[in-house]
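Here are the chains, one letter per residue:
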Amino acid sequence: MKILAIETSCDETALALIKGRNGKVKVEKSVVLSQIQTHAKYGGVVPEVAARKHLEAIFPMLAKELSPGGKEIDIVAVTAGPGLSPALRTGVETAKTLVWLWKKPLLPVNHLVGHIYSAWINKDKQWTSDIPEFPALILLVSGGHTELIFAHSHGQFEKIGETLDDAAGEAFDKVAKMLDLPYPGGPQIANLAKYGDERAFIFPRALLDKRNFDFSFSGLKTSVLYTLRKIENIDKQVKADIAASFQEAVVDVLVRKTIKAAEQLKAKSIILAGGVSANRVLRGRFEMEGKKIQVPVFVPLLSYCGDNAAMIGAAAYYLSADKNNFVSPIELTPDPNLDIV
Ligand code: KG4
Ligand code: ZN
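Please read these numbers as outputs of a predicted model, since none were measured by experiment.

Q: Would you mind going over the layout of surface pockets with me for this structure?
A: Space left empty within the atom packing is revealed by a probe, the size of a water molecule, rolled over the atoms. Reported here for the second largest pocket is a volume of approximately 450 Å³. Going through the elements one at a time, β5 (106-110), β8 (156-162) and α10 (310-319) are the ones with two or more residues in the lining of the second largest pocket. Tallying contributions element by element places β5 first for the lining of the second largest pocket, with 4 residues. Inspection of the lining of the second largest pocket shows a minimum of three residues originating in each of domain 1 (2-121 + 304-325) and domain 2 (136-299).

This is how it looks when you write it as structure tokens:
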């Protein structure tokens, strides 16, 4: 089965061709055109600008990557939400046009579900080998979401906890701003943290002892702000120490809560997904703690941590087993607030 996948939920225009067979996937092509340079000057993503950029990019990308007529395609998959409404619409309308012309089935994919399935692509341009076993516990950490999800089987997701305020990626981006680092802040903080001491400042770890699986990062963000206000000479080393201590606090909470949930729910695998899963300290800590409780940890390849269409195609392959997941093009409208369950 061959799937064309389209992703335009935020600031990356992405297309992918995915093959699926015998419960495994293979990425044939994956192209991502980032608009980060355009949005960086505004300090964040401007939805209308994103949509215009997607429109400019998508047809040339299709023309370059696909043979006309789409004969080789069995399914067209597209991100239908959550995301920025005008941005989502460009991908959805493109997918609708293609399935109408090609007379192919259309499968809408939840962007968050897409991120989860990035963990099923563990080899680039080759058939996957090792895939997560169910039930799986997923920590989804991106710019807009921080959620703990319990997956009973393909497509059967249950949200068991989430952030009560900022998403983890959002906290990275906001603290980066406080340190005068450019957008997006996550990779910048991670880079600066390499030169800092993670024990230099003790930042709060919210809700760690609570029984639930929720998170909160706004207190941490405020604590960083107050700490910065108290320091007279904020030099490069202080910034690096703040970055390292902040990152340590985020990683500590994310890992400890997830491991606790995995143990309680007897998960057979742990999956880390979303843009923040590119963070090397977070990945390293998860692998170490997973070993201690003997639960295998799956992290996406670095190239599939951020937004991409390969993950949308992979999700579509596993979801295509249930015919209820397909829609007619007339029925499909993007939902910017789509939830995971
Ligand atoms: O999944 P994603 O690409 O877009 C959303 O769907 O939100 O996630 C983007 C988020 C941004 O907040 C970015 O700062 C963060 O992921 N991020 C990181 C790292 N790389 C990206 N955060 C921490 N460490 C990183 N290495
Ligand atoms: Zn994303």
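Q: Would you mind going over the coordination of the zinc ion (ligand 2) with me for this structure?
A: A metal bound by six donors in octahedral fashion has ideal angles of 90 or 180 degrees, whereas one bound by four tetrahedral donors has an ideal angle of 109.5 degrees. Here the zinc ion (ligand 2) is held by the protein donor atoms H111 (NE2), H115 (NE2) and D307 (OD), which lie 2.0 to 2.1 Å from it. Of note, the zinc ion (ligand 2) draws all its donor residues from one chain, in the sequence arrangement H-x3-H-x191-D. Linking H111 with H115, this pair stays in helix α4 (residues 111-117), spanning 4 residues, or about one helical turn.

Q: Mind showing me how you'd approach the sheet that holds strand β6 (residues 136-141) here?
A: Pairing between the strands of a sheet comes from backbone hydrogen bonds, and it takes one of two forms, parallel or antiparallel. A sheet is described by the order of its strands in space; here 5 strands give the open sequence β8-β7-β6-β9-β10, paired in mixed fashion. Bordering the open sheet on either side are β8 and β10 (297-298), each of which pairs with just one other strand. Pairing of strand β7 (residues 146-153) with β8, which is carried by 6 bridges, proceeds in the antiparallel orientation. Each residue of the ladder has a partner; that of L148, found in β8, is G161. Packed on one face of the sheet, helix α9 (residues 280-292) meets β6, β9 (269-273) and β10 and runs near 175° to β9.

Q: Help me out: how do you make sense of the packing of aromatic side chains in this one?
A: One pass over the full model with this rule turns up 9 aromatic pairs. Consider the rings of Y117 and W120, whose centres lie 4.7 Å apart with planes at 40°: the pair is tilted. When the ring of Y317 is compared with that of Y318, the centres are 5.0 Å apart and the planes differ by 65°; the resulting orientation is edge-to-face. Exposure class is identical for Y317 and Y318. Each is buried. Taken together through their ring pairs, the aromatic side chains of Y117, W120, F134, F157, Y317 and Y318 make up a single cluster.

Q: How should I be thinking about the site of ligand 1 in this particular structure?
A: The full set close to ligand 1 counts 17 residues, and G143, D173, G186, G275 and N279 are the nearest of them. Within the backbone of G144, one N or O atom sits 3.5 Å away from an oxygen atom of ligand 1. For ligand 1, an oxygen atom lies 3.4 Å from a polar atom in the side chain of D307. Bound to the protein, ligand 1 loses 84% of the 550 Å² it would expose on its own. Contributing elements (two or more residues each) for the shell around ligand 1: α4, α5 (168-178) and α6 (185-193). Grouping the amino acids of the shell around ligand 1 by side-chain chemistry returns 5 nonpolar, 10 polar and 2 charged. Looking at which domains feed residues into the shell around ligand 1, each of domain 1 (2-121 + 304-325) and domain 2 (136-299) supplies at least three.

Calculation rules
- Residues numbered from 1 in each chain as written.
- Chains lettered and ligands numbered in written order.
- Predicted model: local features only at pLDDT ≥ 70, side-chain atom pairs only at ≥ 80, totals over all residues.
- Heavy atoms only, no water.
- 1 Å grid on protein atoms, 1.4 Å probe; cavity = no way out; pocket = protein on both sides within 12 Å on 5 of 7 lines; lining within 4 Å.
- Points joined across faces, edges and corners; volume = space filled by probe spheres on them.
- Helix = DSSP H or I, 4+ residues; strand = E, 2+ residues; numbered from the N terminus.
- Domains from an automatic or database assignment.
- Donors = N, O, S within 2.8 Å, 3.2 Å for Na, K, Ca; no water.
- Pairing = 2+ DSSP bridges.
- Contact = heavy atoms within 4.5 Å.
- Axes fitted to C-alpha atoms, helices over the stretch in contact; angles between N-to-C directions.
- Phe/Tyr/Trp six-rings, centres within 6.5 Å; stacked < 30°, edge-to-face > 60°.
- Buried < 20%, exposed > 50% of the residue type's maximum accessible area, 1.4 Å probe, protein only.
- Near = heavy atom within 4 Å.
- Polar contact = N/O pair within 3.5 Å; in protein donor to acceptor, adjacent residues only side chain to side chain.
- Areas by Shrake-Rupley, 256 points an atom, 1.4 Å probe, with all protein chains shown as cover.
- Nonpolar A, V, L, I, M, F, W, Y, C, P; charged D, E, K, R; others polar.

That is the geometry; function is a separate question.
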